[in-house]
Amino acid sequence: MSHSTVPRSRAEADDSAQNTPAASGKAAGTPREKKDGKLSLRLRFRRDRVLLLMTLPAVLLLLVFNYLPILGNIVAFQDYDPYISSNGIVAMLHSPWVGVENFQRMFEDPDFWNAVQNTLVLFFLQLLLFFPIPIGLALLINSVVRPRVRAISQAILYLPHFFSWVLVIAVFQQLFGGAGILSQLLRDHGYDGLSIMTDPSTFKYLVTAEGIWKDAGWGIIVFLAALSSVSPDLYEAAAMDGAGRWRRIWHVTLPALRPVIALLLVLRVGDALTVGFEQILLQRDAVGPGAAEVLDTFVWWNGVRNQDFGYAAAAGLVKGVVSLGLVLAANKVAHLMGEQGVYKK
């Protein structure tokens, strides 16, 4: 009688399949996986080694220029004297240690609190006036039917982003300065001239207007990119349901922009204590430090001009810690709102 190689029952077939090398996971070339189906860390490194090598130069640059300088914050706890040695590290090691004395001086300094107040006022004003404008302009440009008109409008609005702050302030000086076009026009009609550029009471509005004119076009690009991902079928379905233009913007466009708005708000809140160093420094002498002093110019003035490096480093360290806390808090709020924010949960 001939013997068949086929198993006599289904149970025997299942047993023979489980005993084969391929089924047991021991076959050559088959990666070992964890019980939950995820690859081990070693196998993931082997799989992504090319991508890791490609990102290595960027990681090294980040370490050298962003993370290693953090070690210099030790200066905030010293009476740092850079003239002890031509080597900055040696000067740091031999500078006298003062502990938290620089921080005590800072919290007792009325100029520091004036800089904090000016910084927060400028941040909230720019958040209320500057942030919504790119969204409105993006919606306006996106509603233009002709592509050529849309491209020209976007290019005109985007162009000031490439101007330096020196040029931006010069343009505003020619328009709103004491000898500017607006003042000359008022004098020609029998009125007193204006000098908005040197008025401390309007300085915060002037700074905000300069920022809007220069950088609103940059924000338009981000929101237009988000709008391009919205399916036209959604607008057509809303129109068939009787929704007008404003209803379509409220129920289709803005929900599509919400993740981008949440992300940019988190980044903006994290940047709350940085309101434009170069822009304000160029106009500081025109209106005085009482109206124009912010934390960045406060650090520069005490560290570079007054050579009080430890005191300036203490102010910069406090600013960095508070900014980090604001990013984490704003990102937590974004998670509670159902958005991803800067990073996932």
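Described below are features of the structure shown in this document.

What counts, and where the lines are drawn
- Residues numbered from 1 in each chain as written.
- Predicted model: local features only at pLDDT ≥ 70, side-chain atom pairs only at ≥ 80, totals over all residues.
- Heavy atoms only, no water.
- Helix = DSSP H or I, 4+ residues; strand = E, 2+ residues; numbered from the N terminus.
- Areas by Shrake-Rupley, 256 points an atom, 1.4 Å probe, with all protein chains shown as cover.
- Axes fitted to C-alpha atoms, helices over the stretch in contact; angles between N-to-C directions.
- Left-handed = near helix turned anticlockwise from the far one by under 90°.
- Contact = heavy atoms within 4.5 Å.
- Nonpolar A, V, L, I, M, F, W, Y, C, P; charged D, E, K, R; others polar.
- Parallel < 35°, antiparallel > 145°, perpendicular 65-115°, else oblique.
- Buried < 20%, exposed > 50% of the residue type's maximum accessible area, 1.4 Å probe, protein only.
- Phe/Tyr/Trp six-rings, centres within 6.5 Å; stacked < 30°, edge-to-face > 60°.
- Polar contact = N/O pair within 3.5 Å; in protein donor to acceptor, adjacent residues only side chain to side chain.
- Core = buried A, V, L, I, M, F, W, Y, C linked by side-chain atoms within 4.5 Å.

Some remarks on the overall build of the protein
In step 1: Broken down by element type, the protein carries 17 helices and 0 strands.
In step 2: Accessible surface, the protein: about 22500 Å² in total, of which carbon and sulfur atoms supply 65%.

As for the packing of helix α12 (residues 232-240) against helix α13 (residues 245-270)
In step 1: At a closest axis distance of 10 Å, the pairing of α12 and α13 adopts a crossing angle of 145°. Judged by the twist between their axes, the crossing of α12 over α13 is right-handed. When α12 is examined against α13, the residues L234, Y235, A238 and A239 are found in contact with a partner set consisting of R248, V252 and T253.
In step 2: Its residues assigned to classes, the contact of α12 with α13 comprises 5 nonpolar, 1 polar and 1 charged.

Some thoughts on the packing of helix α8 (residues 147-158) against helix α11 (residues 203-227)
In step 1: Here α8 crosses α11 at 135°, and the two axes come no closer than 7 Å. Judged on the interaxial angle alone, α11 and α8 are oblique. Contact with α8, carried on its side by Q154, L157 and Y158, involves G217, W218, I220, I221 and L224 of α11 and no other residues of that element.
In step 2: Of the residues belonging to the contact of α8 with α11, the class tally is 6 nonpolar, 2 polar and no charged.

Some thoughts on helix α16 (residues 295-305)
In step 1: Among the residues of α16, L295, D296, T297, F298, N302 and G303 are the ones counted as buried.
In step 2: Of the surrounding secondary structure, the elements contacted by the buried residues of α16 are α6 (110-129), α14 (277-287), α15 (289-292) and α17 (309-336).
In step 3: Once α16 ends, the next one or two residues include Q307, with phi positive near 60°.

Let's talk about the packing of aromatic side chains
In step 1: Counted according to the given criterion, the structure contains 16 aromatic pairs.
In step 2: Centre to centre, the rings of Y158 and F162 are 5.0 Å apart; their planes meet at 75°, and the pair counts as edge-to-face.
In step 3: For F162, a relative accessible area of 56% translates into the label exposed.
In step 4: One aromatic cluster is present, built from ring pairs that chain together F107, F112, W113, F298 and Y311.

Here we look at the side chain of T119
In step 1: Relative to the assigned elements, T119 resides in helix α6.
In step 2: Judged by relative accessible area, which is 0%, T119 ranks as buried.
In step 3: At a separation of 2.7 Å, a polar atom in the side chain of T119 contacts the main-chain carbonyl oxygen of A115.
In step 4: When near neighbours in sequence (up to four residues on either side) are disregarded, T119 contacts A272, L273, V275, V294 and L295.

Here's the deal with the nonpolar core
In step 1: With 17 residues, the main nonpolar core has M106, F112, L295 and F298 as its most contacted residues.
In step 2: Counting only elements with at least two residues in this core, the list comes to α4 (88-94), α5 (101-107), α6, α16 and α17.
In step 3: Here this core gets 4 residues from one element, more than from any other, and that element is α17.
In step 4: Look past the residues within four positions of F112 in its chain and what remains in contact with it is M106, F107, L295 and F298.
In step 5: Membership of the second largest hydrophobic core comes to 16 residues, among which are W165, I169, V275 and V294.

Distances and angles like these do not, on their own, reveal function.
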